[in-house]
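This is what each chain is made of:
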Amino acid sequence: MKEDKFYANDLAEIIITEEELQERIKELAAEITACYKPDEELVMVGILRGAVLFMADLARHINLPVIFDFMDVSSYGKGTYSSGTVRIIKDLEENIEGRHVLIVEDILDTGKTLKHVIAMLETRRPASIKIVTLLDKPERRVIKHLNVDFNGFEIPDKFVVGYGLDYAEKYRNLPFIAVLKEELYS
Ligand code: PRP
C-alpha cells in the first residue's frame with residue numbers, strides 16, 4: 001500500500017485488485033447481456049449507496065438499452081453487523097410494471113436486504129427481476145433461498161471496504177476491495 005495514501009495505515013490487505021474487479025465486471029456484463037433479447041430495455045436498480053461504483057462500471061459494458069434508477073434501503077448503522085431491520089429511505093422513480101429489472105448490489109451478506117427489496121419490487125409486477133451482486137459472503141447468509149443470478153466474487157467473512165463499501169461512510173472511493181484492520185472497528 002502506498003504510504004502517501006490516506007488509507008495506508010487502515011487496511012490489512014487488498015483481497016481484490018482494481019484489475020481483477022474490472023476484468024470480472026466485464027464478464028458479468030457479457031453474461032447479463034446474453035440473458036436478454038437484443039434491444040430489450042433493462043431497468044438497473046442500484047441499491048444505495050454501496051452499489052454506485054459497481055453499477056457505473058457494469059452498466060458501461062452491458063450491450064442493451066439501460067435505464068438507471070436507485071433505491072436506498074439501509075440495514076446497517078455505523079457498525080459492522082446488520083441489525084436485520086430494513087429501512088426504505090428512497091424509493092424508485094420509475095414505474096417498473098411490465099419491465100425487466102436488474103437489482104444491482106455491492107455485497108450479499110445475510111440476505112435480508114435483498115429479500116425485502118425483491119418482495120417489494122415483485123408486488124409491482126415487473127416482467128422479470130434478476131439480481132447481480134459484486135461480492136457474496138456465503139458464510140454469513142441467514143436467508144437461505146435467495147436466487148442470485150450473477151455474482152462477481154465469493155469472499156470470506158472478513159470486514160471489507162472499498163469500491164463502494166464503507167466503514168462509517170469512509171473508504172467507498174478506493175478502487176479495490178480490502179480488508180479493514182480489525183483494531184479500527186473492534
Ligand atoms: C449493505 C450492502 C447491502 C446490504 C447487505 O448496505 O450494500 O445493501 O448491506 O447486507 P445483508 O445481506 O446482510 O442485508 P448498507 O445498509 O450498509 O448501506 P450502504 O450500501 O449505504 O453502505
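Residues numbered from 1 in each chain as written. Predicted model: local features only at pLDDT ≥ 70, side-chain atom pairs only at ≥ 80, totals over all residues. Heavy atoms only, no water.

As a further point, take the site of the ligand. Within the structure, the ligand sits among 17 residues, and E105, D106, T110, G111 and T113 are positioned closest to it. One of the backbone nitrogen or oxygen atoms of G50 is found 2.9 Å away from an oxygen atom of the ligand. At the level of elements, β5 (100-108) and α3 (112-122) are the ones that each hand at least two residues to the shell around the ligand. If one sorts the elements of the shell around the ligand by residue count, β5 sits on top with 3 residues. Looking at the shell around the ligand residue by residue, the classes come out as 3 nonpolar, 7 polar and 7 charged. (Near = heavy atom within 4 Å. Polar contact = N/O pair within 3.5 Å; in protein donor to acceptor, adjacent residues only side chain to side chain. Helix = DSSP H or I, 4+ residues; strand = E, 2+ residues; numbered from the N terminus. Nonpolar A, V, L, I, M, F, W, Y, C, P; charged D, E, K, R; others polar.)

Chain-level pLDDT for the protein chain is 93 on average; 94% of the residues reach the 70-or-more range. The model gives residues 77-81 a pLDDT under 50, and that stretch makes 8 contacts with residues more than four places away or in other chains. (pLDDT = per-residue confidence, 0-100. Contact = heavy atoms within 4.5 Å.)

Among the 9 residues of β5, 9 are classified as buried, and the element is accordingly described as predominantly covered. Here 5 bridges tie strand β2 (residues 42-48) to β5, and the two strands are oriented parallel to one another. Bridge pairing in β5 places L42 opposite H100. The pairing of β5 with strand β6 (residues 128-136) spans 8 bridges and is classified as parallel. Counted as the bridge partner of I107 is L135 from β6. For the handedness criterion, the β-α-β arrangement of β5, α3 and β6 is classed as right-handed. (Buried < 20%, exposed > 50% of the residue type's maximum accessible area, 1.4 Å probe, protein only. Pairing = 2+ DSSP bridges. Right-handed = clockwise from strand over helix to strand, strands pointing away.)

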